[in-house]
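The chain contents come next:
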Amino acid sequence: MIGLKVPDVKFYIRERDSSNDLNEFKWFVRDTEDYFANKRVVVFSLPGAFTPTCTGRQLPDYEFAYGEIRNLCIDHVYCVSVNDSFTMNAWYEYLGLGFKTIPVPDGNGMFTGLMNQLVLKENLGFGYRSWRYAMVVNNGVIEAFWEEPGKEDNCEEDPYGETHPDKVLEYLLKSAEGGILNQKGESNNE
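Residues numbered from 1 in each chain as written. Predicted model: local features only at pLDDT ≥ 70, side-chain atom pairs only at ≥ 80, totals over all residues. Heavy atoms only, no water.

**Student:** Would you take a moment to explain the side chain of Asp106 for this structure?
**Tutor:** Inspection of the secondary structure assignment puts Asp106 in the loop between strand E5 (102–105) and helix H4 (110–114). Among buried Asp, Glu, Lys and Arg side chains, Asp106 stands out as unpaired, with Arg129 the closest opposite charge at 10 Å. A distance of 3.2 Å separates a polar side-chain atom of Asp106 from the backbone nitrogen of Phe111. (Helix = DSSP H or I, 4+ residues; strand = E, 2+ residues; numbered from the N terminus. Buried < 20%, exposed > 50% of the residue type's maximum accessible area, 1.4 Å probe, protein only. Lys, Arg positive; Asp, Glu negative; His and termini not counted. Salt bridge = Lys/Arg side-chain N within 4 Å of Asp/Glu carboxyl O. Polar contact = N/O pair within 3.5 Å; in protein donor to acceptor, adjacent residues only side chain to side chain.)

Written out as structure tokens, the structure reads:
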């Protein structure tokens, strides 16, 4: 995965429309370039909103680590899930997280499928969902990648350890040791 470009797809997002006085939600279409061009970002993906490990541990862990991650030359932290935008927004509101990490609904599973991370979870009644993974993406190119072990359809386990934000932070700290990295991941030291 390292060195490959992230898939070029469209994401269908429900966001507040601040252009009107009612501040209603409106559909927006974002593409890969909107999320990744000229940015260094952390992406973590999870099986689903409102599920136990995702709700009780993974999303809160990334929200808690958000400041540390951002201080290591990261522009944004994205949470990708094969859920629609309504579900992702309701989940964030339910948890009261304030959207520090940015929900990226992959409702059609296109991004996840092209990342080769789509797994069948019909044993839980979920259909196709994302396997748990995390990555650092630098201007659309995968710089670092983590995946939970045992990826398979209808996996009986729900591992969460390799994609914990501590692993990402460890990598980001090591990558910054030689000097501070700019948006493109280049050292500013001579």
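**Student:** Which parts of the structure should I look at to understand the packing of helix H2 (residues 52–70) against helix H3 (residues 85–95)?
**Tutor:** Geometry of a packed helix pair, given as the angle between the helix axes and the separation of the axes. The geometry of H2 relative to H3 is characterised by a closest axis approach of 12 Å and an angle of 80 degrees between their N-to-C directions. The angle between H2 and H3 falls in the class roughly perpendicular. Of the residues in H3, those in contact with Cys54, Thr55, Leu59 and Glu63 of H2 are Trp91, Tyr92, Tyr94 and Leu95. Classifying every residue of the contact of H2 with H3 gives 6 nonpolar, 1 polar and 1 charged. (Axes fitted to C-alpha atoms, helices over the stretch in contact; angles between N-to-C directions. Parallel < 35°, antiparallel > 145°, perpendicular 65-115°, else oblique. Contact = heavy atoms within 4.5 Å. Nonpolar A, V, L, I, M, F, W, Y, C, P; charged D, E, K, R; others polar.)

**Student:** Please explain the sheet that holds E5 as it appears in this structure.
**Tutor:** The pairing of strands in a sheet comes from backbone hydrogen bonds and takes either a parallel or an antiparallel form. One open sheet holds the 5 strands; their spatial order is E5-E4-E3-E8-E9, and the pairing between them is mixed. Only two strands of the sheet have a single partner each, and these edge strands are E5 and strand E9 (141–147). Direction aside, neighbouring strands of the sheet carry axes that sit 25 degrees apart on average. In terms of strand pairing, strand E3 (residues 40–46) meets strand E4 (residues 76–81) through 6 bridges, oriented parallel. Each residue of the ladder has a partner; that of Val43, found in E4, is Tyr78. (Pairing = 2+ DSSP bridges.)

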